[in-house]
Amino acid sequence: MTKNIVLSNNNIGESEQIMNVSFDDIENAFYFVSSDQKFMNNAILCKETGRIFYVSAIMGSEDELPEDIEDPDKYINIPHKNDLGLGRNLVTEFTTQYLPEEIDRVYSIFCGRGAYSKYKKLLDNQGFLDKWFEFEDERQKAALKKWCRRNKIRYSDKPTSR
């Protein structure tokens, strides 16, 4: 059984900065973490090397985790979308802006299971699905870049070469 690893994301000193990391790598880690319920998937960034370790509660870890992975002075968890206010808040903002007449329907959709798939079906039927994806992507990138700045993570917009 894989244990969940949770580190504080607020332990970076004023003068510390994490080495330069590709924003694509941070964004991919964010998508991994946000692809399931909170704490099911974790991505942990090493502040010294910029390496990202992936851990799944279901699949375990493909990476061999360092013994000191829980040291908040060396590692920081990549946030889940809910940590950045990008869950239902984002849905409410989009609906209010683009489909205000559907807000009550959207609230009722999010009271049950399968809410996001039902919401996307509603958007598709209304012709707003592509607009939603653009809106969501733009907001996620902005929130993730803000998180990086707040945590003094320098990132490059250049993709990493693998």
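Structure first, text after, so check above.
Attention in this report is confined to the structure presented alongside it. Along each chain, numbering runs from 1 in the same order as the chain's sequence is written. Confidence filtering applies because this is a predicted model: local features only for residues at pLDDT of at least 70, side-chain atom pairs given and counted only at 80 or more, and all residues used for totals across whole chains, interfaces and linings. Side-chain measures here rest on the full set of heavy atoms in the structure, leaving out hydrogens and waters.

## Quick look at unusual backbone geometry
- Unlike most non-glycine residues, Phe-39 shows phi in positive territory, near 75°.
- Numbering of helices and strands runs from the N terminus, with a helix taken as a DSSP run of H or I at least four residues long and a strand as a DSSP run of E at least two residues long. For Phe-39, the position within the fold is in the loop between helix H1 (23-34) and strand S2 (41-46).
- Its identity as a non-glycine residue notwithstanding, Lys-152 has a phi of 55°, on the positive side.
- In this structure, Lys-152 sits in the loop between helix H5 (129-150) and strand S5 (153-156).

## Considering the sheet that holds strand S3 (residues 52-56)
- Taking strand neighbours across the sheet as the criterion, the 3 strands line up as S3-S2-S4 in an open arrangement whose pairing is antiparallel. Looking at strand neighbours, the two that pair on one side only are S3 and strand S4 (75-77), the edges of this open sheet. Each neighbouring strand pair of the sheet contributes to a mean axis angle of 25°, computed without reference to strand direction.
- Two strands pair if DSSP finds at least two bridges between them. In this structure, S2 lies alongside S4, joined through 3 bridges in antiparallel fashion. Opposite Cys-46, over in S4, you have Tyr-75 as the bridge partner.
- Contacts are assigned to residue pairs that have any heavy atoms within 4.5 Å of one another. Helix axes use the C-alpha atoms of the stretch in contact, all axes being lines fitted to C-alpha atoms, and the angles between their N-to-C directions lie in the range 0 to 180 degrees. This element, H1, spans S2 and S3 of the sheet and lies at about 10° to S3.

Honestly, that's just the spatial picture; any functional story needs more than this.
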